[in-house]
Amino acid sequence: MRGDNLKYSHLNDWSSLSLKIGIAISLIFVIIGLILIGISGAKGVEPIVPLSQLPQEILALNAMAIITTGILILLLTPILQIVIAIVTFSKDRDRLYLSISLILLCILASSLLLALM
Amino acid sequence: MTEVSLWALGGIGLVAGLLGSALGVGGGAFIVPMLTLALHLPIHIAIGSSLVAIVATSCTATSIYTKNRLTNLKLGLLLETATTPGAIIGGFIVVLLASSVLNALFGVILIYIAYTMAVSQPAIAEDSRHKGNSVKPDNTSTNLSNWRAGSYYDQSLDKVVTYKIRHIPQGLGSGFFTGTLSSLLGIGGGAVQVPILNLVMGLPMKATIATSSFMMAITATVGALIHYYHGNVYPIIVAPLVIGVFLGARAGTELAQRARGILLKRIFAGFLFITAILMFLKAANII
(Lines give C-alpha, C1' and ligand atoms only; values in the text may rest on other atoms or scores of the structure.)
Protein backbone atom coordinates (compact mmCIF):
# COMPACT_ATOMS: atom_id res chain seq x y z
CA MET A 1 0.00 0.00 0.00
CA ARG A 2 2.74 2.47 0.96
CA GLY A 3 4.72 1.78 -2.20
CA ASP A 4 1.56 2.17 -4.28
CA ASN A 5 0.87 5.55 -2.68
CA LEU A 6 4.37 6.84 -3.36
CA LYS A 7 3.94 5.92 -7.01
CA TYR A 8 0.69 7.84 -7.40
CA SER A 9 1.76 10.90 -5.44
CA HIS A 10 3.43 12.04 -8.67
CA LEU A 11 0.04 12.20 -10.39
CA ASN A 12 -1.26 14.63 -7.77
CA ASP A 13 1.88 16.77 -8.01
CA TRP A 14 2.00 16.82 -11.80
CA SER A 15 -1.74 17.49 -11.95
CA SER A 16 -1.40 20.45 -9.60
CA LEU A 17 1.61 21.84 -11.45
CA SER A 18 0.01 21.49 -14.89
CA LEU A 19 -3.10 23.30 -13.70
CA LYS A 20 -1.08 26.19 -12.26
CA ILE A 21 1.01 26.55 -15.40
CA GLY A 22 -2.04 26.35 -17.68
CA ILE A 23 -3.95 28.97 -15.69
CA ALA A 24 -0.91 31.26 -15.54
CA ILE A 25 -0.24 31.13 -19.30
CA SER A 26 -3.93 31.58 -20.06
CA LEU A 27 -4.17 34.61 -17.78
CA ILE A 28 -1.07 36.17 -19.36
CA PHE A 29 -2.68 36.02 -22.80
CA VAL A 30 -6.01 37.33 -21.50
CA ILE A 31 -4.37 40.21 -19.61
CA ILE A 32 -2.26 41.19 -22.63
CA GLY A 33 -5.42 41.17 -24.75
CA LEU A 34 -7.27 43.37 -22.26
CA ILE A 35 -4.33 45.79 -22.10
CA LEU A 36 -4.39 46.07 -25.90
CA ILE A 37 -8.12 46.77 -25.73
CA GLY A 38 -7.44 49.42 -23.10
CA ILE A 39 -4.86 51.05 -25.36
CA SER A 40 -6.89 50.89 -28.56
CA GLY A 41 -10.27 51.38 -26.93
CA ALA A 42 -13.08 48.87 -26.49
CA LYS A 43 -14.88 47.92 -29.63
CA GLY A 44 -18.09 46.02 -30.25
CA VAL A 45 -18.72 42.45 -29.20
CA GLU A 46 -16.72 40.38 -31.68
CA PRO A 47 -16.80 36.59 -31.96
CA ILE A 48 -13.91 34.18 -31.52
CA VAL A 49 -11.16 34.50 -34.15
CA PRO A 50 -11.09 31.32 -36.31
CA LEU A 51 -8.21 28.97 -35.55
CA SER A 52 -6.75 29.26 -39.04
CA GLN A 53 -6.38 33.02 -38.63
CA LEU A 54 -5.02 32.97 -35.07
CA PRO A 55 -1.25 32.93 -35.78
CA GLN A 56 -1.21 35.93 -38.11
CA GLU A 57 -3.75 37.83 -35.98
CA ILE A 58 -1.62 37.27 -32.86
CA LEU A 59 1.43 38.62 -34.69
CA ALA A 60 -0.67 41.59 -35.74
CA LEU A 61 -1.42 42.16 -32.03
CA ASN A 62 -5.14 41.60 -32.55
CA ALA A 63 -6.53 41.75 -28.99
CA MET A 64 -9.39 39.31 -29.74
CA ALA A 65 -6.95 36.77 -31.20
CA ILE A 66 -4.70 36.99 -28.15
CA ILE A 67 -7.66 36.60 -25.78
CA THR A 68 -9.00 33.70 -27.90
CA THR A 69 -5.63 31.97 -27.52
CA GLY A 70 -5.79 32.49 -23.76
CA ILE A 71 -9.28 30.97 -23.65
CA LEU A 72 -8.16 27.96 -25.69
CA ILE A 73 -5.16 27.40 -23.40
CA LEU A 74 -7.49 27.55 -20.40
CA LEU A 75 -9.79 24.95 -21.98
CA LEU A 76 -6.81 22.73 -22.85
CA THR A 77 -5.58 22.71 -19.24
CA PRO A 78 -8.05 20.08 -17.89
CA ILE A 79 -7.36 18.02 -21.02
CA LEU A 80 -3.67 18.06 -20.11
CA GLN A 81 -4.62 16.57 -16.73
CA ILE A 82 -6.17 13.59 -18.48
CA VAL A 83 -3.01 13.14 -20.57
CA ILE A 84 -0.90 13.13 -17.39
CA ALA A 85 -3.24 10.53 -15.90
CA ILE A 86 -2.85 8.37 -19.02
CA VAL A 87 0.95 8.52 -18.80
CA THR A 88 0.86 7.64 -15.09
CA PHE A 89 -1.55 4.74 -15.45
CA SER A 90 0.25 3.33 -18.52
CA LYS A 91 3.57 3.38 -16.63
CA ASP A 92 1.91 1.57 -13.77
CA ARG A 93 0.06 -0.78 -16.16
CA ASP A 94 -3.26 0.03 -14.50
CA ARG A 95 -5.36 -1.11 -17.45
CA LEU A 96 -8.73 -0.19 -15.95
CA TYR A 97 -7.85 3.43 -15.28
CA LEU A 98 -5.81 3.70 -18.44
CA SER A 99 -8.96 2.70 -20.33
CA ILE A 100 -11.11 5.13 -18.36
CA SER A 101 -8.66 7.98 -18.98
CA LEU A 102 -8.42 7.16 -22.70
CA ILE A 103 -12.22 7.22 -22.98
CA LEU A 104 -12.28 10.63 -21.30
CA LEU A 105 -9.54 11.90 -23.58
CA CYS A 106 -11.53 10.79 -26.64
CA ILE A 107 -14.62 12.64 -25.38
CA LEU A 108 -12.64 15.80 -24.64
CA ALA A 109 -10.68 15.60 -27.89
CA SER A 110 -13.87 15.23 -29.94
CA SER A 111 -15.36 18.27 -28.16
CA LEU A 112 -12.19 20.22 -28.91
CA LEU A 113 -12.19 19.22 -32.58
CA LEU A 114 -15.84 20.21 -32.86
CA ALA A 115 -15.09 23.61 -31.32
CA LEU A 116 -12.21 24.25 -33.69
CA MET A 117 -14.13 23.25 -36.83
CA MET B 1 -19.00 46.94 -25.50
CA THR B 2 -18.12 49.94 -23.32
CA GLU B 3 -15.36 50.30 -20.74
CA VAL B 4 -18.09 50.36 -18.07
CA SER B 5 -19.36 46.99 -19.29
CA LEU B 6 -15.84 45.52 -19.09
CA TRP B 7 -15.51 46.69 -15.48
CA ALA B 8 -19.01 45.35 -14.75
CA LEU B 9 -18.03 41.97 -16.20
CA GLY B 10 -14.89 41.95 -14.07
CA GLY B 11 -16.95 42.80 -10.99
CA ILE B 12 -19.41 40.00 -11.72
CA GLY B 13 -16.50 37.59 -12.12
CA LEU B 14 -14.91 38.82 -8.89
CA VAL B 15 -18.06 38.22 -6.85
CA ALA B 16 -18.67 34.85 -8.54
CA GLY B 17 -15.13 33.70 -7.81
CA LEU B 18 -15.40 34.89 -4.23
CA LEU B 19 -18.72 33.13 -3.66
CA GLY B 20 -17.61 30.01 -5.49
CA SER B 21 -14.49 29.50 -3.41
CA ALA B 22 -16.00 30.68 -0.10
CA LEU B 23 -19.20 28.65 -0.39
CA GLY B 24 -18.13 25.82 -2.67
CA VAL B 25 -20.99 26.45 -5.06
CA GLY B 26 -22.59 29.34 -6.83
CA GLY B 27 -20.23 30.61 -9.53
CA GLY B 28 -22.49 29.88 -12.48
CA ALA B 29 -25.60 30.49 -10.41
CA PHE B 30 -24.40 34.06 -9.96
CA ILE B 31 -22.80 34.72 -13.35
CA VAL B 32 -25.64 33.66 -15.67
CA PRO B 33 -28.41 35.70 -13.98
CA MET B 34 -26.16 38.74 -13.65
CA LEU B 35 -25.17 38.62 -17.32
CA THR B 36 -28.79 38.26 -18.42
CA LEU B 37 -30.56 40.49 -15.89
CA ALA B 38 -27.98 43.22 -15.27
CA LEU B 39 -26.12 43.33 -18.59
CA HIS B 40 -28.99 42.09 -20.78
CA LEU B 41 -26.86 39.54 -22.62
CA PRO B 42 -28.66 36.72 -24.44
CA ILE B 43 -28.82 33.72 -22.10
CA HIS B 44 -27.05 31.39 -24.55
CA ILE B 45 -24.01 33.71 -24.53
CA ALA B 46 -24.27 34.06 -20.74
CA ILE B 47 -24.19 30.26 -20.40
CA GLY B 48 -21.16 29.87 -22.70
CA SER B 49 -19.28 32.64 -20.88
CA SER B 50 -20.15 31.21 -17.48
CA LEU B 51 -18.78 27.78 -18.39
CA VAL B 52 -15.39 29.25 -19.35
CA ALA B 53 -15.32 31.14 -16.03
CA ILE B 54 -16.18 27.91 -14.18
CA VAL B 55 -13.19 26.19 -15.85
CA ALA B 56 -10.98 28.99 -14.48
CA THR B 57 -12.29 28.71 -10.89
CA SER B 58 -12.34 24.92 -10.87
CA CYS B 59 -8.79 24.64 -12.21
CA THR B 60 -7.58 27.15 -9.61
CA ALA B 61 -9.27 25.29 -6.78
CA THR B 62 -8.23 21.84 -8.04
CA SER B 63 -4.58 22.86 -8.28
CA ILE B 64 -4.66 23.44 -4.51
CA TYR B 65 -6.78 20.43 -3.58
CA THR B 66 -4.68 17.93 -5.57
CA LYS B 67 -1.50 19.33 -4.03
CA ASN B 68 -3.06 18.74 -0.60
CA ARG B 69 -4.13 15.20 -1.61
CA LEU B 70 -7.82 15.91 -0.92
CA THR B 71 -9.05 14.96 -4.38
CA ASN B 72 -10.05 11.37 -5.12
CA LEU B 73 -8.71 11.48 -8.67
CA LYS B 74 -9.62 7.92 -9.62
CA LEU B 75 -13.22 8.33 -8.48
CA GLY B 76 -13.42 11.66 -10.29
CA LEU B 77 -12.12 10.15 -13.52
CA LEU B 78 -14.57 7.25 -13.23
CA LEU B 79 -17.58 9.49 -12.65
CA GLU B 80 -16.54 11.78 -15.49
CA THR B 81 -17.11 8.93 -17.97
CA ALA B 82 -20.83 9.56 -17.33
CA THR B 83 -20.69 13.32 -16.71
CA THR B 84 -18.93 14.31 -19.93
CA PRO B 85 -21.42 12.60 -22.29
CA GLY B 86 -24.16 14.38 -20.34
CA ALA B 87 -22.34 17.66 -20.91
CA ILE B 88 -22.18 17.02 -24.66
CA ILE B 89 -25.90 16.23 -24.80
CA GLY B 90 -26.77 19.30 -22.73
CA GLY B 91 -24.62 21.42 -25.00
CA PHE B 92 -26.61 20.35 -28.05
CA ILE B 93 -30.03 20.53 -26.38
CA VAL B 94 -29.42 24.13 -25.26
CA VAL B 95 -29.53 25.56 -28.79
CA LEU B 96 -32.91 23.91 -29.34
CA LEU B 97 -34.47 25.69 -26.37
CA ALA B 98 -35.88 29.20 -26.44
CA SER B 99 -34.40 31.83 -24.15
CA SER B 100 -37.63 32.01 -22.13
CA VAL B 101 -37.46 28.26 -21.43
CA LEU B 102 -33.84 28.52 -20.32
CA ASN B 103 -34.62 31.50 -18.09
CA ALA B 104 -37.44 29.53 -16.42
CA LEU B 105 -35.27 26.40 -16.04
CA PHE B 106 -32.58 28.53 -14.49
CA GLY B 107 -35.09 29.95 -12.03
CA VAL B 108 -36.00 26.41 -10.96
CA ILE B 109 -32.36 25.42 -10.40
CA LEU B 110 -31.77 28.62 -8.41
CA ILE B 111 -34.65 27.72 -6.09
CA TYR B 112 -33.05 24.30 -5.57
CA ILE B 113 -29.58 25.77 -4.89
CA ALA B 114 -31.10 28.35 -2.51
CA TYR B 115 -32.83 25.56 -0.61
CA THR B 116 -29.68 23.42 -0.30
CA MET B 117 -27.67 26.40 0.92
CA ALA B 118 -30.34 27.38 3.43
CA VAL B 119 -30.46 23.90 5.02
CA SER B 120 -26.75 22.99 4.79
CA GLN B 121 -24.77 22.04 7.90
CA PRO B 122 -21.14 22.90 8.81
CA ALA B 123 -18.72 20.55 7.03
CA ILE B 124 -16.57 19.80 10.05
CA ALA B 125 -19.46 18.15 11.90
CA GLU B 126 -19.66 15.54 9.13
CA ASP B 127 -15.93 14.96 8.69
CA SER B 128 -15.34 14.36 12.39
CA ARG B 129 -17.66 11.36 12.20
CA HIS B 130 -15.39 9.55 9.72
CA LYS B 131 -12.71 7.19 10.95
CA GLY B 132 -9.27 8.62 11.36
CA ASN B 133 -6.03 8.53 13.29
CA SER B 134 -3.63 11.19 14.42
CA VAL B 135 -0.67 9.90 12.44
CA LYS B 136 0.42 12.67 10.11
CA PRO B 137 1.01 11.41 6.58
CA ASP B 138 4.25 11.82 4.70
CA ASN B 139 4.20 13.41 1.29
CA THR B 140 2.19 10.65 -0.34
CA SER B 141 -1.30 10.35 -1.68
CA THR B 142 -3.56 7.63 -0.44
CA ASN B 143 -6.39 8.56 -2.74
CA LEU B 144 -5.33 6.58 -5.77
CA SER B 145 -4.50 3.20 -4.34
CA ASN B 146 -8.11 2.00 -4.39
CA TRP B 147 -10.97 4.04 -5.74
CA ARG B 148 -13.42 2.26 -3.47
CA ALA B 149 -11.69 3.89 -0.53
CA GLY B 150 -9.74 7.00 0.12
CA SER B 151 -8.03 9.01 2.78
CA TYR B 152 -6.50 12.40 3.36
CA TYR B 153 -4.88 14.34 6.18
CA ASP B 154 -7.33 16.84 7.68
CA GLN B 155 -5.43 19.79 9.14
CA SER B 156 -8.37 21.08 11.17
CA LEU B 157 -8.95 17.68 12.81
CA ASP B 158 -5.24 16.84 12.89
CA LYS B 159 -5.80 13.30 11.72
CA VAL B 160 -5.91 11.13 8.63
CA VAL B 161 -9.53 10.66 7.59
CA THR B 162 -10.39 7.40 5.81
CA TYR B 163 -13.59 6.66 3.98
CA LYS B 164 -15.25 4.03 1.83
CA ILE B 165 -17.09 4.79 -1.37
CA ARG B 166 -20.59 3.44 -1.91
CA HIS B 167 -23.28 3.45 -4.61
CA ILE B 168 -21.09 3.94 -7.69
CA PRO B 169 -24.02 3.35 -10.15
CA GLN B 170 -26.02 6.12 -8.48
CA GLY B 171 -22.97 8.35 -8.72
CA LEU B 172 -22.63 7.64 -12.43
CA GLY B 173 -26.33 8.32 -13.01
CA SER B 174 -26.28 11.61 -11.14
CA GLY B 175 -23.05 12.48 -12.94
CA PHE B 176 -24.79 12.19 -16.31
CA PHE B 177 -27.63 14.40 -15.07
CA THR B 178 -25.16 16.92 -13.62
CA GLY B 179 -23.22 17.08 -16.87
CA THR B 180 -26.39 17.73 -18.84
CA LEU B 181 -27.45 20.50 -16.45
CA SER B 182 -23.99 22.04 -16.54
CA SER B 183 -23.95 22.59 -20.30
CA LEU B 184 -27.64 23.42 -20.42
CA LEU B 185 -27.55 26.17 -17.80
CA GLY B 186 -23.90 27.23 -17.48
CA ILE B 187 -23.45 25.99 -13.92
CA GLY B 188 -20.70 23.82 -12.47
CA GLY B 189 -23.13 21.26 -11.11
CA GLY B 190 -21.69 21.32 -7.62
CA ALA B 191 -25.12 21.89 -6.10
CA VAL B 192 -26.19 18.49 -7.43
CA GLN B 193 -22.84 16.69 -7.32
CA VAL B 194 -21.83 17.65 -3.77
CA PRO B 195 -24.86 16.11 -2.00
CA ILE B 196 -24.51 12.95 -4.11
CA LEU B 197 -20.80 12.53 -3.35
CA ASN B 198 -21.26 13.33 0.34
CA LEU B 199 -24.62 11.87 1.34
CA VAL B 200 -25.02 9.01 -1.15
CA MET B 201 -21.48 7.92 -1.98
CA GLY B 202 -19.98 8.50 1.46
CA LEU B 203 -17.16 10.96 0.84
CA PRO B 204 -16.36 13.37 3.68
CA MET B 205 -17.18 16.96 2.80
CA LYS B 206 -13.61 18.12 2.14
CA ALA B 207 -12.92 15.21 -0.20
CA THR B 208 -16.34 15.85 -1.75
CA ILE B 209 -15.61 19.50 -2.53
CA ALA B 210 -12.14 18.67 -3.83
CA THR B 211 -13.35 15.81 -6.05
CA SER B 212 -16.35 17.84 -7.23
CA SER B 213 -14.05 20.71 -8.17
CA PHE B 214 -11.84 18.35 -10.18
CA MET B 215 -14.89 17.00 -11.99
CA MET B 216 -16.32 20.48 -12.62
CA ALA B 217 -13.18 21.56 -14.43
CA ILE B 218 -13.51 18.70 -16.92
CA THR B 219 -17.30 18.90 -17.26
CA ALA B 220 -17.29 22.66 -17.78
CA THR B 221 -14.48 22.29 -20.34
CA VAL B 222 -16.65 19.98 -22.45
CA GLY B 223 -19.62 22.32 -22.11
CA ALA B 224 -17.53 25.37 -22.92
CA LEU B 225 -16.10 23.70 -26.05
CA ILE B 226 -19.60 22.80 -27.27
CA HIS B 227 -20.74 26.39 -26.66
CA TYR B 228 -17.58 27.61 -28.43
CA TYR B 229 -18.71 25.52 -31.42
CA HIS B 230 -22.16 27.16 -31.25
CA GLY B 231 -20.57 30.62 -31.25
CA ASN B 232 -21.66 31.45 -27.69
CA VAL B 233 -18.16 32.34 -26.43
CA TYR B 234 -17.06 35.95 -27.00
CA PRO B 235 -13.51 36.92 -25.98
CA ILE B 236 -14.47 40.46 -24.96
CA ILE B 237 -17.04 39.07 -22.50
CA VAL B 238 -15.05 36.11 -21.22
CA ALA B 239 -11.75 37.93 -20.65
CA PRO B 240 -12.80 40.29 -17.81
CA LEU B 241 -14.97 37.51 -16.32
CA VAL B 242 -12.02 35.13 -16.11
CA ILE B 243 -9.74 37.77 -14.54
CA GLY B 244 -12.41 38.69 -12.01
CA VAL B 245 -13.15 35.05 -11.18
CA PHE B 246 -9.48 34.27 -10.64
CA LEU B 247 -9.00 37.24 -8.30
CA GLY B 248 -12.26 36.50 -6.49
CA ALA B 249 -11.37 32.85 -5.98
CA ARG B 250 -8.11 33.85 -4.30
CA ALA B 251 -9.92 36.29 -2.00
CA GLY B 252 -12.69 33.78 -1.36
CA THR B 253 -10.36 31.35 0.36
CA GLU B 254 -9.50 34.10 2.86
CA LEU B 255 -13.17 34.91 3.35
CA ALA B 256 -13.98 31.25 3.93
CA GLN B 257 -11.49 31.11 6.76
CA ARG B 258 -12.58 34.32 8.47
CA ALA B 259 -16.34 34.48 7.98
CA ARG B 260 -19.02 32.20 9.33
CA GLY B 261 -19.80 29.85 6.46
CA ILE B 262 -23.38 29.20 7.51
CA LEU B 263 -24.19 32.95 7.66
CA LEU B 264 -22.71 33.46 4.19
CA LYS B 265 -24.77 30.58 2.84
CA ARG B 266 -28.02 31.90 4.32
CA ILE B 267 -27.41 35.36 2.84
CA PHE B 268 -26.55 33.90 -0.54
CA ALA B 269 -29.60 31.63 -0.39
CA GLY B 270 -31.78 34.69 0.05
CA PHE B 271 -30.10 36.42 -2.86
CA LEU B 272 -30.57 33.34 -5.07
CA PHE B 273 -34.25 33.15 -4.19
CA ILE B 274 -34.80 36.76 -5.26
CA THR B 275 -32.79 36.15 -8.42
CA ALA B 276 -34.94 33.10 -9.21
CA ILE B 277 -38.06 35.28 -9.07
CA LEU B 278 -36.44 37.74 -11.46
CA MET B 279 -35.51 34.93 -13.86
CA PHE B 280 -39.12 33.72 -13.86
CA LEU B 281 -40.26 37.28 -14.61
CA LYS B 282 -37.74 37.49 -17.44
CA ALA B 283 -38.96 34.15 -18.80
CA ALA B 284 -42.48 35.60 -18.87
CA ASN B 285 -41.17 38.75 -20.63
CA ILE B 286 -42.40 40.88 -17.75
CA ILE B 287 -38.93 42.41 -17.26
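These numbers come from a predicted model, not from an experiment.

Analysis parameters
- Residues numbered from 1 in each chain as written.
- Chains lettered and ligands numbered in written order.
- Predicted model: local features only at pLDDT ≥ 70, side-chain atom pairs only at ≥ 80, totals over all residues.
- Helix = DSSP H or I, 4+ residues; strand = E, 2+ residues; numbered from the N terminus.
- Buried ≥ 20, exposed ≤ 12 C-beta atoms within 10 Å, placed from the backbone.
- Contact = placed C-beta atoms within 7 Å.
- Axes fitted to C-alpha atoms, helices over the stretch in contact; angles between N-to-C directions.
- Parallel < 35°, antiparallel > 145°, perpendicular 65-115°, else oblique.
- Left-handed = near helix turned anticlockwise from the far one by under 90°.
- Nonpolar A, V, L, I, M, F, W, Y, C, P; charged D, E, K, R; others polar.
- Expected span 1.5 Å × (residues − 1).
- Pairing = 2+ DSSP bridges.
- Core = buried A, V, L, I, M, F, W, Y, C linked by C-beta atoms within 7 Å.
- pLDDT = per-residue confidence, 0-100.

**Concerning the overall build of chain A**
Within chain A, the regular secondary structure consists of four helices and zero strands. Taken from the N to the C terminus, the helices and strands of chain A come in the order α-α-α-α. Looking at chain A residue by residue over its 117 residues, the buried ones come to 38%. In chain A, once contacts between residues fewer than 6 apart in sequence are set aside, the share between residues at least 24 apart is 62%.

**Looking at the packing of helix α4 (residues 95-116) of chain A against helix α9 (residues 205-230) of chain B**
Running from amino to carboxyl end, α4(A) crosses α9(B) at an angle of 20°, the nearest separation of the two axes being 8 Å. Considering their axes alone, α4(A) and α9(B) lie roughly parallel with respect to each other. Taken as a pair, α4(A) and α9(B) cross one another with a handedness that is left-handed. When α4(A) is examined against α9(B), the residues Ile107(A), Leu108(A), Ser111(A), Leu112(A), Leu114(A) and Ala115(A) are found in contact with a partner set consisting of Thr221(B), Val222(B), Leu225(B), Ile226(B), Tyr228(B) and Tyr229(B). Looking at side-chain class alone, the contact of α4(A) with α9(B) contains ten nonpolar, two polar and no charged residues.

**Observations regarding helix α5 (residues 99-119) of chain B**
Every α-helix carries 3.6 residues per turn, so stepping three or four residues along brings you back to the same face. If you check α5(B), its first and last C-alpha atoms are 30 Å apart, about what 21 residues at 1.5 Å a residue would give, namely 30 Å. Looking only at α5(B), the buried set comprises Leu102(B), Asn103(B), Phe106(B), Gly107(B), Ile109(B), Leu110(B), Ile113(B), Ala114(B) and Met117(B).

**Notes on the pairing of strand β2 (residues 149-154) of chain B**
Here is the key point about a regular strand: its side chains alternate between the two faces of the sheet. Residues and elements named next belong to chain B. Examined bridge by bridge, β2 and strand β3 (residues 159-164) share six bridges and lie antiparallel to one another. Bridging across to β3, serine 151 finds its partner in threonine 162. Between the antiparallel neighbours β2 and β3 lie four residues, among them aspartate 158 with a positive phi of about 55°.

**Section: the interface of chain A and chain B**
Counting residues at the interface gives 48 residues for chain A, matched by 50 residues for chain B. Per element, the largest residue contribution to the side of chain A that touches chain B is 18 residues, and it comes from helix α1 (residues 2-40) of chain A. Here the residues of the side of chain A that touches chain B sort into 32 nonpolar, twelve polar and four charged.

**Notes on the nonpolar core**
Residues Val52(B), Val55(B), Ala56(B) and Val242(B) are the most contacted members of the largest nonpolar core, which totals 122 residues. Here this core takes 16 residues from α9(B), the largest share from any one element. Dropping the residues within four chain positions of it, Val242(B) is found in contact with Val30(A), Gly13(B), Val52(B), Ala53(B) and Ala56(B).

**Examining the confidence of the model for chain B**
In the predicted model, chain B carries a mean pLDDT of 84, and the fraction of residues at 70 or more is 86%. In the predicted assembly, ipTM is 0.89 and pTM is 0.87.

**Digging into helix α7 (residues 168-185) of chain B**
Residue and element names in this part refer to chain B. An ideal rise of 1.5 Å per residue puts 26 Å on 18 residues; α7 measures up with 25 Å between its terminal C-alpha atoms. Packing partners of the buried residues in α7 comprise α2 (27-38), α3 (43-67), α4 (73-93), α5, α8 (190-200) and α9. Two residues or fewer past α7, glycine 186 is found with a positive phi of approximately 75°.

**Re the environment of His230(B)**
Residue and element names in this part refer to chain B. Counting through the fold element by element, histidine 230 comes out in helix α9. Residue histidine 230 is classed as partly exposed on the basis of its 18 C-beta neighbours within 10 Å. In sequence terms histidine 230 and glycine 91 are 139 residues apart; their C-alpha atoms lie 8.8 Å from each other.

**Observations concerning the environment of Asn62(A)**
Residues and elements named next belong to chain A. For asparagine 62, the position within the fold is in the loop between α2 (54-59) and α3 (63-92). Spatially, the C-alpha atom of asparagine 62 lies 10 Å from that of serine 40, the residues being 22 residues apart in sequence. Apart from the residues within four sequence positions on either side, asparagine 62 is in contact with Val49 and Glu57.

**A look at unusual backbone geometry**
All names here are of chain A. The residue leucine 61 is not glycine, and still its phi comes out positive at about 55°. Among the structural elements, leucine 61 can be located in the loop between α2 and α3. With a phi close to 60°, arginine 93 is a non-glycine residue in the positive phi region. Along the chain, arginine 93 falls in the loop between α3 and α4. For arginine 93, a count of 7 C-beta atoms within 10 Å corresponds to the exposed category.

**Some remarks on the confidence of the model for chain A**
Residue and element names in this part refer to chain A. On average, residues of chain A score 86 in pLDDT, and 89% of them reach the 70 mark or higher. No element of chain A has a lower mean pLDDT than α1, which averages 83, and none a higher one than α3, which averages 93. Confidence drops under pLDDT 50 across residues 1-7; counting only partners more than four residues distant or on other chains, this segment forms eight contacts.

**Side note on the environment of Ala53(B)**
All names here are of chain B. By secondary structure assignment, the location of alanine 53 is in helix α3. The class of alanine 53 is buried, set by 35 C-beta atoms lying within 10 Å. As a C-alpha pair, alanine 53 and valine 238 span 185 residues in sequence and 7.2 Å in three-dimensional space. Once residues within four sequence positions are removed from consideration, alanine 53 is found in contact with Gly13, Ala16, Gly27, Ile31, Leu241, Val242 and Val245.

**So, the packing of α3(B) against α9(B)**
Residues and elements named next belong to chain B. Contact geometry of α3 with α9 gives a least axis separation of 8 Å together with a crossing angle of 150°. Relative to α9, the element α3 is oriented roughly antiparallel. Relative to α9, the crossing made by α3 is left-handed. Judged by residue contacts, Ile47, Gly48, Leu51, Val52, Ile54, Val55, Ser58, Cys59, Ala61, Thr62 and Tyr65 of α3 engage Ala210, Ser213, Phe214, Met216, Ala217, Ala220, Thr221, Gly223, Ala224 and His227 from α9.

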